[in-house]
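Chain by chain, the residues run as shown.
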Amino acid sequence: MIHRFFLPLLGAAALLAPWVPGPARAAALHLRYEAFWGGLHAADFTLSLDDGGIADGAPFRTDFTLRTRGLVDWIIALRVAAHSQGALVPKAGLRPARYDVAYANRRRDRALHVAFDPDGGPAQATVTRDRKVDDPEPDNTETYGGTDALDADLRRGVIDPLTALVEAIRRARRDGAAMGDFTLAVYDGRRRFDVKGRYMERSDRDILGTRHRVDRIRLTSVPLAGFRRIHKVLWNDSTYDLYLSTDGRALPLQIDAVGPGPMINLVAECPTACALPED
């Protein structure tokens, strides 16, 4: 469930105004979002991303935090913190070196580390914490997403969910309408899925009462391995439209589920890492 809040981030586009190329080194973005589901405030999350511009070998890093709100918080009380970092590889795009995610709800508290092999070997996942909230003793972490959870071939040439998001934005910033269709192979330490992207159009869109010129990119998840049956049903062809600013920054202004799902809006851009609002 958690990755469905932040995997996709691309949106409504236009055929009229020309694409404005970004600078050689794009400034880091520090953003805060509100997610609504069925009209209810379901979650807040922050996203800090620095894609390293366009220089080969430039480092990138992404940080993400999330907490549920309102009725959703009363039901599941979800908290998430994730981090990825790596570098831009010539002709290959962003390649992560590591991905760390920790999350807790009313039932469990888990933390996971994924190390990516720069020489093309399989990514290695290590569960660093997995316990029931009401039980101070850790569980047997081998039962949850360890390094042998998926075949090695499924863990080669993969990127983490946060890097997938930044790579989609980087391509939109670089190529605009010329980006074409693309597929990103994603591994989150437990599940292996593809994210298929397609540039849709450039258009005008009202977002929180303001008219924006936006590029719309559609992202669709295709589950491949590591999914429980019930989760696979939820993920099958899960699709989001990501609406990006056309000012050269490709700023994610809104994420809108195609079909049932959340509507996610950018509500603040901060000079440094944004803080989640207090209760």
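Residues numbered from 1 in each chain as written. Predicted model: local features only at pLDDT ≥ 70, side-chain atom pairs only at ≥ 80, totals over all residues. Heavy atoms only, no water.

S.K.: Got a sec to walk through the overall build of the protein? Specific residues and values, please.
M.R.: Helix and strand counts for the protein come out as 4 helices and 13 strands. Of the contacts made within the protein by residues no fewer than 6 positions apart, 58% connect residues no fewer than 24 positions apart. With the model as given, the accessible surface of the protein reaches about 12,900 Å², and the carbon-plus-sulfur share is 53%. (Helix = DSSP H or I, 4+ residues; strand = E, 2+ residues; numbered from the N terminus. Contact = heavy atoms within 4.5 Å. Areas by Shrake-Rupley, 256 points an atom, 1.4 Å probe, with all protein chains shown as cover.)

S.K.: Explain the environment of Arg202 to me, using residue names and the numbers behind them.
M.R.: Mapped onto the secondary structure, Arg202 falls in strand β9 (residues 192-207). For Arg202, a relative accessible area of 5% corresponds to the buried category. Remark: the alpha-carbon pair of Arg202 and Leu244, spanning 42 residues in sequence, is separated by 9.4 Å. A distance of 2.8 Å separates a polar atom in the side chain of Arg202 from a polar atom in the side chain of Asp215. (Buried < 20%, exposed > 50% of the residue type's maximum accessible area, 1.4 Å probe, protein only. Polar contact = N/O pair within 3.5 Å; in protein donor to acceptor, adjacent residues only side chain to side chain.)

S.K.: Explain the confidence of the model for the protein to me, and be specific about the residues and the numbers.
M.R.: Put simply, the protein has an average pLDDT of 81, and 80% of its residues get 70 or more. Residue range residues 1-25 is modelled with pLDDT below 50. Its contacts to residues more than four positions away, or to other chains, number 117 contacts. (pLDDT = per-residue confidence, 0-100.)

S.K.: Could you give an account of the pairing of strand β8 (residues 182-187), naming the residues involved and the relevant values?
M.R.: Counting buried residues along β8, 5 of its 6 residues qualify, which places the element largely inside the surrounding structure. Judged from the 6 bridges that link them, β8 and β9 form a sheet pairing that is antiparallel. In the sheet register, Phe182 faces β9, and the bridge partner there is Gly197. A loop of 4 residues connects β8 with β9, the two strands running antiparallel in sequence, and Gly189 in this loop sits at a positive phi of about 95 degrees. (Pairing = 2+ DSSP bridges.)

S.K.: Lay out the pattern of salt bridges in plain terms, naming residues and giving numbers.
M.R.: Pairing between side chains of opposite charge can happen when the charged atoms of each approach one another. Inspection of every chain in the model, using the stated rule, returns 24 salt bridges. Among the salt bridges present, the one from Arg69 reaches Asp44, with a minimum N-O distance of 2.5 Å. Of this pair, Arg69 sits in the loop between β3 (59-68) and α2 (70-76) while Asp44 sits in strand β2 (residues 40-50); the two residues are 25 residues apart in sequence, bridging distant segments of the chain. Classification of Arg69 by relative accessible area gives buried; the value is 9%. Residue Arg213 pairs with Asp204 through a salt bridge whose shortest N-O separation is 3.1 Å. What makes Arg213 partly exposed here is its relative accessible area of 23%. Residue classification places Asp204 among the partly exposed positions, given a relative accessible area of 39%. (Salt bridge = Lys/Arg side-chain N within 4 Å of Asp/Glu carboxyl O.)

S.K.: Before we move on, could you go through the side chain of His83 and cite the residues and values that matter?
M.R.: Relative to the assigned elements, His83 resides in strand β4 (residues 79-89). A distance of 3.5 Å separates the side chain of His83 from the backbone oxygen of Thr62, its partner in a polar contact. Aside from chain neighbours lying at most four places away, what touches His83 is Arg61, Thr62, Asp63, Arg98, Tyr99, Asp100 and Leu162.

S.K.: Pulling in residues and values, what's your account of the packing of aromatic side chains?
M.R.: Inspection of every chain in the model, using the stated rule, returns 3 aromatic pairs. Aromatic pair Tyr33 and Phe45: ring centres 4.9 Å apart, planes at 20 degrees, arrangement stacked. In this pair, Tyr33 is assigned in strand β1 (residues 29-37) and Phe45 in strand β2, connecting sequence segments 12 residues apart. Comparing Tyr33 with Phe45, the two get one shared label, buried. Residues Phe45 and Phe64 carry aromatic rings whose centres are separated by 5.2 Å and whose planes lie at 45 degrees to one another, so their mutual orientation is tilted. Linking Phe45 in strand β2 with Phe64 in strand β3, this pair joins segments that are 19 residues apart in sequence. By relative accessible area, which is 1% here, Phe45 ends up buried. Through a chain of ring-to-ring contacts, the aromatic side chains of Tyr33, Phe45 and Phe64 assemble into a single cluster. Lying across the ring of Tyr243, Arg205 places its NZ or CZ 3.9 Å from the centre. (Phe/Tyr/Trp six-rings, centres within 6.5 Å; stacked < 30°, edge-to-face > 60°. Lys NZ or Arg CZ within 6 Å of the ring centre and 35° of its normal.)

S.K.: Residues and numbers for the environment of Leu184, please.
M.R.: Tracing the backbone through its elements, the reader meets Leu184 in strand β8. Leu184 sits in the buried class, given a relative accessible area of 5%. Taking C-alpha positions, Leu184 is 9.6 Å from Asp160, a pair spaced 24 residues apart along the chain. Setting aside anything within four residues of it in sequence, one finds Leu184 in contact with Ile159, Ala164, Glu167, Arg171, Phe193, Asp194 and Val195.

S.K.: Residues and numbers for the nonpolar core, please.
M.R.: By size, the foremost hydrophobic cluster in this structure holds 61 residues, and its most contacted members are Phe64 and Val114. Ranked by residue count, the leading element in this core is helix α3 (residues 161-175), at 7 residues. Every residue in contact with Val114, bar those within four places of it in the chain, is listed here: Ala97, Arg98, Tyr99, Ala123, Gln124, Ala125, Tyr187, Asp188 and Gly189. (Core = buried A, V, L, I, M, F, W, Y, C linked by side-chain atoms within 4.5 Å.)

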